[in-house]
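Below are the chains, spelled out letter by letter.
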Amino acid sequence: MAQAPGSPDEPGRQMSLPGESGEGLSPAIQALETYKKKDPSKVIVRFKAVGNAPIMKQNFYKITAANRFQAVIQFLRKELAWKAGDPLFTYINLAFSPAPDDTVSNLYKSFATDGHLIVNYSTTAAWG
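Residues numbered from 1 in each chain as written. Predicted model: local features only at pLDDT ≥ 70, side-chain atom pairs only at ≥ 80, totals over all residues. Heavy atoms only, no water.

A. Region of interest: the pairing of strand β2 (residues 60–64). Of the two faces of β2, only one is covered, namely that formed by Y61 and I63; the face formed by F60, K62 and T64 stays uncovered. Inspection of the sheet shows strand β1 (residues 42–49) paired to β2 by 5 bridges, in the antiparallel sense. For K42, the partnering residue across the bridge sits in β2 and is T64. (Buried < 20%, exposed > 50% of the residue type's maximum accessible area, 1.4 Å probe, protein only. Helix = DSSP H or I, 4+ residues; strand = E, 2+ residues; numbered from the N terminus. Pairing = 2+ DSSP bridges.)

B. Up close: the nonpolar core. Ranked by internal contacts, the top residues of the largest apolar core, which has 21 residues, are F47, L117 and Y121. Elements with a minimum of two residues in this core: β1, β2, α2 (69–80), α3 (104–111) and β4 (117–122). The leading source of residues in this core is α2, at 5 residues. In contact with L117, not counting residues within four places along its chain, are V43, I44, V45, R46, I92, V104, L107, Y108 and F111. (Core = buried A, V, L, I, M, F, W, Y, C linked by side-chain atoms within 4.5 Å. Contact = heavy atoms within 4.5 Å.)

C. Spotlight on the sheet that holds strand β3 (residues 89–92). An order of β2-β1-β4-β3 is seen for the 4 strands of this open sheet, with the pairing classed as mixed. Looking at strand neighbours, the two that pair on one side only are β2 and β3, the edges of this open sheet. Each adjacent strand pair in this sheet contributes to an overall mean axis angle of 35°, direction not counted. The strands touched by α2 are β1, β2, β3 and β4; relative to β3, the strand with the most contacts, the crossing angle is about 125°. Relative to β4, α3 is tilted by about 110°, and along the sheet it contacts β1, β2, β3 and β4. (Axes fitted to C-alpha atoms, helices over the stretch in contact; angles between N-to-C directions.)

So far we have only geometry, and geometry alone does not tell us how the molecule works.
Quick look at the structure:
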C-alpha cells in the first residue's frame with residue numbers, strides 16, 4: 001500500500017514535539033521551566049519561644065526561600081537538640097501552624113513582618 005507524500009508514516013520523516021523545533025516555547029512550557037528553577041534567595045526567619053520552650057541564643061537565621069517548612073522544623077529541632085519524638089509545635093505570627101509542605105517563600109510573601117518571617121515554637125500546643 002502506497003503512503004501519501006508528507007504523511008507521518010513516511011520513511012525517513014521524524015516527528016517533533018512542540019518546542020523542539022527551535023521556535024519559541026509555549027507560555028505554558030516557559031512557566032513550567034520557571035517554576036522548576038530553584039530560588040537562590042534567602043529569607044530571614046526569626047524564632048521566638050512560647051511558654052516553657054527554651055530560648056535560643058541566636059534567633060535570626062537566613063534560610064533558603066525554596067525550602068519547605070519541614071526543613072525549618074528540622075533545623076529548629078537540630079538547634080534545640082530535640083529528638084524526633086519530642087513534642088514541637090510551630091506557629092507563624094502567633095496565629096496558625098503551617099503545613100510542613102508549605103514553602104518558606106510563600107509563607108514569607110504572605111505573612112512577613114518587618115522583613116522577617118516570625119516562627120514561634122513551643123513544647124505544648126499553644127494555639128489551635
